[in-house]
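Chains, contacts and geometry: an overview
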Amino acid sequence: MSSLIIPPVLTSPRDDAVQLYRAFKGFGCDTAGVINVLAHRDAAQRALIQQEYQAMYSEDLTKRLKSELSGKVEKAILLWLYDPATRDAIIVREALYGESFSLKAATEVICSRTPSQIHHFKQVYLAMFRSPLERDIESRTADDHKKLLLAYVSKPRYEGPEVDRALAEKDAKSLYKAGEKKLGTDEDKFIKIFSERSRAHLSAVSYAYKHAYGNSLKEAVKKETSGSFEHGLLTILLCAENPGLYFAKVLRKAMKGMGTDDSTLIRVIVSRAEIDMQYIKAEYHKKYKKTLHKAVHSETSGTYRDFLLSLLGPDH
């Protein structure tokens, strides 16, 4: 469910390329003109615009944007140009090897994606960086966190809605025995269940856990694990139960307190705009009694703000 506003007049990629070229001409870049075109085109249209621009002006649109824009709006627009799998590959690689090394960003992207999304972005990752994602996870992460990510990117998982109730209850019992019931934690059991079961199944496990032990599975994970490993498990669990709510919380955290965590704001808004932004907006409003649009508006400014708000769509 996307919240992209399709332009009232259908334009061709060629017209769009011309509009962008015009925005670059003259003194300084007409950033509003760039946003006007790009923020309202889906991934397929953005790819065609890039092809047309290259064909017409013998110049790479990405390179041109890099030279015309700067700061946060540059980062956001460049990330938006890519298709989702390429974008995920770039975010994860940057998180593992970039100067802003961030296990948090890498973990969030990997553990919040569906098996088919992971499969696709692993292929792109290998083609772009000449290194398998697994190898990079292996060298940049450690311990149980490493085991979890490696299992999560390599195990095939069912993506449908059917659930085996008896198995869900059995899994809940296994997790209880591996965590709250014993002294110490059997991390491998958590890794196995969290990396092999479908989202619908994990959601059922969570329900069975609460029903049988009174405590939520989320609380158990928080009590029994810590650090990046805990973050990975919670991301998998919360995205199984309600991805819209998970990302609403991530955005809230990025905007709470002093200063704004812009890289998180950009990453989440840009990468969820074409996936489930309507749900994230609804969950945000329900939980925080404030629209996401208003929250982003008060934390950002200038063309950067204009671009993010265009991706969010109208403030209902």
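How each quantity is defined
Residues numbered from 1 in each chain as written. Predicted model: local features only at pLDDT ≥ 70, side-chain atom pairs only at ≥ 80, totals over all residues. Heavy atoms only, no water. Helix = DSSP H or I, 4+ residues; strand = E, 2+ residues; numbered from the N terminus. Rg over C-alpha atoms; globule rule 2.2 N^0.38 Å. Buried < 20%, exposed > 50% of the residue type's maximum accessible area, 1.4 Å probe, protein only. Contact = heavy atoms within 4.5 Å. Areas by Shrake-Rupley, 256 points an atom, 1.4 Å probe, with all protein chains shown as cover. Lys, Arg positive; Asp, Glu negative; His and termini not counted. Charge placed at Lys NZ, Arg CZ, Asp CG, Glu CD. Arc of directions from axis to C-beta. Salt bridge = Lys/Arg side-chain N within 4 Å of Asp/Glu carboxyl O. Domains from an automatic or database assignment. Buried area = accessible area lost by both parts, 1.4 Å probe. Polar contact = N/O pair within 3.5 Å; in protein donor to acceptor, adjacent residues only side chain to side chain. 1 Å grid on protein atoms, 1.4 Å probe; cavity = no way out; pocket = protein on both sides within 12 Å on 5 of 7 lines; lining within 4 Å. Points joined across faces, edges and corners; volume = space filled by probe spheres on them.

With that settled, the discussion passes to the overall build of the chain. Across its full length, the chain carries 20 helices and zero strands. On C-alpha atoms alone, the chain measures out to a radius of gyration of 21 Å, which is about the 20 Å that the 2.2 N^0.38 rule sets for 316 residues. Counting only C-alpha atoms and orienting by the principal axes, one finds that the chain spans roughly 70 × 45 × 40 Å. Counting only residues that meet the buried cut, the chain has 50% of its 316 residues in that class. By sequence separation, contacts in the chain at least 24 residues apart represent 68% of the contacts at least 6 residues apart. Total accessible area on the chain stands at roughly 15,100 Å², and carbon and sulfur atoms take up 53% of it. Across the chain, the mean location of the 49 positive side-chain charges is 3 Å away from that of the 41 negative side-chain charges.

Among the residues making up helix 9 (residues 133-140), those that are buried are Leu133, Asp136 and Ile137. On an axial view of helix 9, the arc spanned by its buried residues comes to 100°, and they lie on one face.

Here we come to the environment of leucine 148. With respect to the element layout, leucine 148 can be found in helix 10 (residues 143-154). Under the relative-accessibility criterion, leucine 148 is labelled buried at 0%. With 160 residues separating them along the chain, leucine 148 and leucine 308 place their C-alpha atoms 32 Å apart. Those residues within four positions of leucine 148 in sequence are excluded, and the remaining contacts are Ile191, Phe194, Phe229, Gly232, Leu233 and Ile236.

Turning our attention to the pattern of salt bridges. This structure, assessed with the given rule, holds 22 salt bridges. Between glutamate 196 and lysine 192 there is a salt bridge, with its nearest N and O atoms 3.0 Å apart. With glutamate 196 and lysine 192 both in helix 12 (residues 187-196) and four residues apart, this pair spans about one turn of that helix. Exposure remark for glutamate 196: the relative accessible area of 24% places this residue in the partly exposed category.

Before going further, it helps to examine the domain arrangement of the chain. The accessible area lost on association of the parts is a frequent measure of interface size. Taken domain by domain, the chain consists of domain 1 (13-81), domain 2 (85-154), domain 3 (165-241) and domain 4 (247-312). Opposite the nine residues of domain 2 that make contact, domain 4 presents eleven residues. In total, domain 2 and domain 4 occlude about 730 Å² of area from one another, counting both sides; carbon and sulfur atoms represent 47% of this. Of all residues in domain 2, Arg87, Glu108 and Arg113 bury the most surface against domain 4, accounting for 56% of the area lost on that side. Scanning the region where domain 2 abuts domain 4 turns up two salt bridges. The salt bridge partner of arginine 267 is glutamate 108, with a shortest N-O separation of 2.8 Å. In this structure, the connection of domain 2 to domain 4 is made through one residue pair in polar contact (both at pLDDT 80 or more). At the level of secondary structure, the elements contributing two or more residues to the side of domain 2 that touches domain 4 comprise helix 6 (84-97) and helix 7 (103-112). Considering each element in turn, the side of domain 2 that touches domain 4 owes the most residues, five residues, to helix 7.

What follows concerns the layout of surface pockets. Within this model, the largest pocket holds a volume of roughly 520 Å³. Around the largest pocket, the lining comprises 20 residues; the ones closest to its centre are Lys75, Ile90, Ile91, Glu94 and Ser100. A volume near 390 Å³ is recorded for the second largest pocket. Taken together, 17 residues form the lining of the second largest pocket, with His231, Tyr246, Lys249, Val250 and Lys253 sitting closest to its centre. Every element with two or more residues in the lining of the second largest pocket is listed here: helix 7, helix 14 (217-224), helix 15 (227-241) and helix 16 (243-255).

This paragraph deals with the environment of aspartate 315. Within the secondary structure layout, aspartate 315 lies in the segment after helix 20 (302-312). Classification of aspartate 315 by relative accessible area gives partly exposed; the value is 30%. The spacing of aspartate 315 and threonine 62 is 253 residues in sequence and 30 Å in space, taken between C-alpha atoms. The contacts of aspartate 315, once residues within four sequence positions are left out, are Thr291, His293 and Lys294. Separated by 3.0 Å, the side chains of aspartate 315 and threonine 291 make a polar contact. In terms of polar contacts, aspartate 315 uses its side chain to reach the side chain of lysine 294, at 3.4 Å.

Within the fold, aspartate 16 resides in helix 1 (residues 13-24). A polar side-chain atom of aspartate 16 sits 2.7 Å from a polar atom in the side chain of arginine 41. Excluding residues within four positions of it along the chain, aspartate 16 makes contact with Thr11, Val37, Arg41 and Ile49.

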